[in-house]
Amino acid sequence: MSESPVLLNKHEVERLLTYDDLIPRLESVMGKFSKRDSSEIIQPVRSVVPIQQHSGFLGVMPAYLAAEGILCTKIVTFYQRAEGSSLPSTQATVLLFHPEHGHVTAIMDGEAITAKRTAAVSAISAKLFKPALSEVLCILGSGQQARSHYDVFTKLFKFKEVTSMKTGNTSKSFKMCFCVCDPVLYTLQVRVWSRRKEMAQRFVNDLQDPVTVCSSVKEAVIGADVIVTATGASQPILFGEWVKPGAHIAAVGACRPDWRELDDVLMREAVVYVDSREGATAESGDIILSGVCITFHQYNIADLSHHRHTYSTPKSLFSQAEVFAELGEVLNGSFPARREKTTVFKSLGMGIQDAVSAKLVLEKWNGEH
Ligand SMILES: NC(=O)C1=CN([C@@H]2O[C@H](COP(=O)(O)OP(=O)(O)OC[C@H]3O[C@@H](n4cnc5c(N)ncnc54)[C@H](O)[C@@H]3O)[C@@H](O)[C@H]2O)C=CC1
Ligand SMILES: O=C(O)C1=NCCCC1
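Summarised in this report is the structure supplied together with it. (Residues numbered from 1 in each chain as written. Chains lettered and ligands numbered in written order. Predicted model: local features only at pLDDT ≥ 70, side-chain atom pairs only at ≥ 80, totals over all residues. Heavy atoms only, no water.)

Re the site of ligand 2
Item 1. The environment of ligand 2 is formed by Arg 46, Met 61, Lys 74, Val 76, Phe 78, Thr 114, Arg 117, Cys 255, Leu 348 and Gly 349.
Item 2. Between ligand 2 and Arg 46 there is a distance of 3.0 Å, counted from an oxygen atom to a side-chain nitrogen or oxygen.
Item 3. For ligand 2, an oxygen atom lies 2.8 Å from a polar atom in the side chain of Arg 117.
Item 4. Elements with a minimum of two residues in the shell around ligand 2: β5 (70-79) and α3 (111-129).
Item 5. The biggest single contributor to the shell around ligand 2 is β5, with 3 residues.
Item 6. Within the shell around ligand 2, the residues separate by chemical class into 5 nonpolar, 2 polar and 3 charged. (Near = heavy atom within 4 Å. Polar contact = N/O pair within 3.5 Å; in protein donor to acceptor, adjacent residues only side chain to side chain. Helix = DSSP H or I, 4+ residues; strand = E, 2+ residues; numbered from the N terminus. Nonpolar A, V, L, I, M, F, W, Y, C, P; charged D, E, K, R; others polar.)

Here you go:
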């Protein structure tokens, strides 16, 4: 008889899952995933059931990591909620199985895992792609993901250290330049925008450090070096014309093929990285719809039965935004991090991220019991 599964609630998962432990595991598993060795990792694209009547979705996200002995699935629901709703828009449960015998070893809350692993992956993207001098972080949205992104980004990038160069004369006979290196600490400035300003204000009231509440997306993003988009938007809210050249955008929302957060200009001008190419091709409206042309030339042809039919041909077609690489392909060295360019990391979420997070939580719990 197998033992009863360990049951862990949100509070326990939150306590046991730390970014310091999680980040290296995510880097390792995403690097391995991008090698596409199916004897090591199997992770199909998420199955999603629309719940149209209630503006919601049910997703199932299985993963098997043979070398690590992790067999896992997350079951997640996500809803488009009215602003200010007290219900969480993303809810999840994660199940770990015994890979050899098939029984369930742990059932744990998936909300904390989803919040932390998504933010941790965005932070990995920012480590790789943000401009060397990044002083301004902008967060669009004020929900669960906005908060976990705030926590990990300020933890990792709170201060940047820059070396200032001084020049001067050293000799009477000729002028020579010398350099003195002064380490200077700058505080990262954080800005937040939310659809309703009072929600952004509520977000800020919970924080220790000062954060600027902005009245518009444009005000929030102008001059920002790193931008996190973590909203439930289904139409673009972030426009390329506002984005500072060289900025990095971690785009977390818009996880349906017909939802957008980023406009065509940004999607076509930036170097686009994704978590999984298959996931992005199936689910990212920002990628799928970026090449769709909405201007059509129409003409009519009368057929023999006196009906008139309208035929359309595209007047002009833009090509779709191209995916440059997966985050894992950069982590495993097969593609470069093009830090000098404007970069977008389009995140959709992966079962392997939940799997390593859940395993970590269970290991920590086992260590305590
Ligand atoms: N990439 C990934 O791995 C994951 C992505 N997500 C996605 O991230 C987004 C945020 O998720 P949570 O923070 O859990 O949700 P949440 O409900 O806690 O927060 C959503 C935020 O988006 C704002 N918002 C909603 N509709 C909007 C609209 N039409 N325009 C502008 N702002 C709008 C809300 O005001 C709120 O600030 C969602 O789209 C969710 O599906 C969630 C989990 C994982
Ligand atoms: O990866 C996840 O978990 C989710 N991704 C997008 C939608 C909500 C859940």
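What to know about the site of ligand 1
Item 1. Taken together, the neighbourhood of ligand 1 is formed by 25 residues, with Ser 89, Ser 142, Gln 145, Thr 231 and Ser 347 sitting nearest.
Item 2. Residue Ser 142 places a main-chain N or O atom 2.8 Å away from an oxygen atom belonging to ligand 1.
Item 3. Contact with the protein chains covers 84% of the free accessible surface of ligand 1, which is 850 Å².
Item 4. A total of 3 residues in the shell around ligand 1 trace back to one element, the largest contributor, which is α3.
Item 5. When its residues are assigned to classes, the shell around ligand 1 shows 7 nonpolar, 15 polar and 3 charged. (Areas by Shrake-Rupley, 256 points an atom, 1.4 Å probe, with all protein chains shown as cover.)

Some remarks on the side chain of Ser 194
Item 1. In this structure, Ser 194 sits in the loop between β11 (189-193) and α5 (197-205).
Item 2. Within the local environment of Ser 194, its side chain forms a polar contact with the side chain of Ser 142, the two groups lying 2.8 Å apart.
Item 3. What Ser 194 contacts, discounting residues up to four positions off in sequence, is Gly 141, Ser 142, Met 199 and Ala 200. (Contact = heavy atoms within 4.5 Å.)

So, the sheet that holds strand β13 (residues 226-229)
Item 1. Taken together, 8 strands build an open sheet; the order of strands is β12-β11-β8-β13-β14-β19-β15-β18 and the sheet is parallel. Of all strands in the sheet, those with a lone pairing partner are β12 (212-213) and β18 (323-326), marking the two edges.
Item 2. Pairing geometry for strand β15 (residues 271-274) and β18, over 3 bridges, is parallel. In the sheet register, Val 274 faces β18, and the bridge partner there is Glu 326.
Item 3. Across the sheet, α3 is in contact with β14 (248-251), β15 and β19 (343-346); its angle to β14 comes to roughly 165°. (Pairing = 2+ DSSP bridges. Axes fitted to C-alpha atoms, helices over the stretch in contact; angles between N-to-C directions.)

Structural notes on the packing of aromatic side chains
Item 1. Applying the stated rule across the entire model yields 8 aromatic pairs.
Item 2. Measuring from ring centre to ring centre gives 5.1 Å for Phe 57 and Phe 78, while their planes differ by 20°; the resulting arrangement is stacked. Separated by 21 residues along the polypeptide, Phe 57 in strand β4 (residues 56-65) and Phe 78 in strand β5 bring together distant segments of the chain.
Item 3. Measuring from ring centre to ring centre gives 5.6 Å for Tyr 273 and Phe 324, while their planes differ by 85°; the resulting arrangement is edge-to-face. Of this pair, Tyr 273 sits in strand β15 while Phe 324 sits in strand β18; the two residues are 51 residues apart in sequence, bridging distant segments of the chain.
Item 4. Residue classification places Tyr 273 among the buried positions, given a relative accessible area of 0%.
Item 5. You can call Phe 324 partly exposed: its relative accessible area is 24%.
Item 6. Members of the aromatic cluster, connected to one another through ring pairs, are Phe 129, Tyr 273, Phe 324 and Phe 335.
Item 7. If you follow Arg 338 out to its NZ or CZ, it ends over the ring of Phe 324, 5.4 Å from the centre. (Phe/Tyr/Trp six-rings, centres within 6.5 Å; stacked < 30°, edge-to-face > 60°. Buried < 20%, exposed > 50% of the residue type's maximum accessible area, 1.4 Å probe, protein only. Lys NZ or Arg CZ within 6 Å of the ring centre and 35° of its normal.)

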